[in-house]
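Fold and contact review
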Amino acid sequence: MFGSLFMLISFLKMGGNNSSTSFKISATNNNSNILQIWLWLSLFLSFSVKTPIVPAHIWLPLAHSDANVSGSIILASVVLKLALYGFIRILIGILQYSTKLLTPFVMAISGLSVIYSSLSTIRQFDLKVLVAYSSIAHMGSTILGAFSNTIYGIVGSVLFGLAHGFVSPALFILVGAVLYDRCGSRIINYYRGLTNITPLFSLFFLFFLFGNMGVPLTANFVGEFLSLLAAYQYNIFIVSIATLSVVFSAIYSIFLFNRVSSGTLSTYVITIPDLFRREFFILLPLVAFTLILGVYPSIFTSHLEFALSSYVLFSISPLSFTKNSNS
């Protein structure tokens, strides 16, 4: 509610100044630079809560831990991507002058968010909270790509957000709908050696953890690579530090799989059924989409590049950042 209030106030101000709530009219209206900066800061605060970015991130792990599986799926696959849409469509597409001026600030806070959330993920002992903190790190990488001032950086951020919408809900299904519903616990130390009794679950778990790490042949790898590469060309220092998240994601993902699936069977888990047919057919399309976009991403990026070249390219060109210029 706190973040949405700033968004509402900003939209009311923009609509009042432009006598319209149209995106096109708002992009071509000549607002003063000071007003545009205040609108940008207000909207950025709102989108930072919804992304979320550190330090406005603490609500997400609590929401995931208290929500049921369907709520976690909707939150990870849809809600977190709305802020990315707002960054691209409004901040980059409409408030071009302020975006050009404040991009170094966005890069700094996004890099901080990626590193802080990655380190926090390593320290977690709750299955759902661990996946939630990893989502914060991945969304920080998408913002780095979106504000890189390049077409392929924005394409990478959108692709990374889409890939995250496949992998993260799958992980919530595995740790929430399978492990928690069968065993009644989300504590990582409660589990061990599930490969002995649930081999199909362990196979899906390993695949989606690989996707969460961003290994090649997954859509996460393509999106994260493009996002970080584009941001690296904008600011080498910040993105070099943020790239450490790739190592951190491997640390917590491999640890999680080894702890849950490897070794001898835990004494707390006598026997649980493997994936049911319904769960298998829910996860199978997510595997297919993750692999298809990882092996042949141009099936998606070619259409996205065409749309961005006709809309965002002119918005982020250097000419559009001059004072009182039209988009």
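Preceding block: the structure.
Residues numbered from 1 in each chain as written. Predicted model: local features only at pLDDT ≥ 70, side-chain atom pairs only at ≥ 80, totals over all residues. Heavy atoms only, no water.

Further remarks concern the side chain of Asn212. Residue placement: Asn212 occurs in helix α9 (residues 199-213). You can call Asn212 buried: its relative accessible area is 5%. With residues up to four places along the chain from it excluded, the contact list for Asn212 reads Ser134, His138, Val167, Leu171, Ser249, Tyr252 and Ser253. (Helix = DSSP H or I, 4+ residues; strand = E, 2+ residues; numbered from the N terminus. Buried < 20%, exposed > 50% of the residue type's maximum accessible area, 1.4 Å probe, protein only. Contact = heavy atoms within 4.5 Å.)

Next up on the list: the pattern of salt bridges. Oppositely charged side chains may form a pair once their charged atoms are brought near each other. Scanning the model with the defined rule gives two salt bridges in all. Among the salt bridges present, the one from Asp126 reaches Arg186, with a minimum N-O distance of 3.0 Å. Taken together, the residues span a long stretch of sequence, with Asp126 in the loop between α6 (96-122) and α7 (127-146) and Arg186 in the loop between α8 (151-183) and α9 at a distance of 60 residues. Residue Asp126 shares its accessibility class with Arg186, and that shared class is buried. (Salt bridge = Lys/Arg side-chain N within 4 Å of Asp/Glu carboxyl O.)

We now examine the nonpolar core. Within soluble globular proteins, side chains that are nonpolar tend to cluster in buried spots. By size, the foremost hydrophobic cluster in this structure holds 41 residues, and its most contacted members are Phe205, Phe208 and Leu283. Put simply, the parts of the chain that give this core at least two residues each are α5 (69-92), α7, α8, α9, α10 (219-234), α12 (244-261) and α13 (277-295). In terms of residue count, α8 provides more of this core than any other element does, 14 residues in total. The contacts of Phe205, once residues within four sequence positions are left out, are Leu171, Leu174, Val175, Leu256, Phe257, Val260 and Ser261. Core analysis: the next-biggest nonpolar cluster, separate from the first, contains 37 residues, Phe87, Ile90, Ile143 and Val155 among them. (Core = buried A, V, L, I, M, F, W, Y, C linked by side-chain atoms within 4.5 Å.)

In this section: the packing of aromatic side chains. If you walk through the whole model with that rule in mind, you get 16 aromatic pairs. Where Phe204 meets Phe208, the ring centres are 6.5 Å apart and the plane angle is 20°; that geometry is what we call stacked. You can see Phe204 and its partner Phe208 sitting in helix α9, four residues apart, about one turn around the helix. Residue Phe208 is classed as buried on the basis of its relative accessible area, which comes to 0%. Aromatic rings pair up to connect Trp40, Phe44, Phe47, Phe87, Phe105 and Phe147 into one cluster. We note Arg182 situated over the ring of Phe276; from NZ or CZ to the ring centre the distance is 4.3 Å. Here the guanidinium or amino end of Arg186 rests over the ring plane of Tyr180, the centre of that ring lying 5.4 Å away. (Phe/Tyr/Trp six-rings, centres within 6.5 Å; stacked < 30°, edge-to-face > 60°. Lys NZ or Arg CZ within 6 Å of the ring centre and 35° of its normal.)

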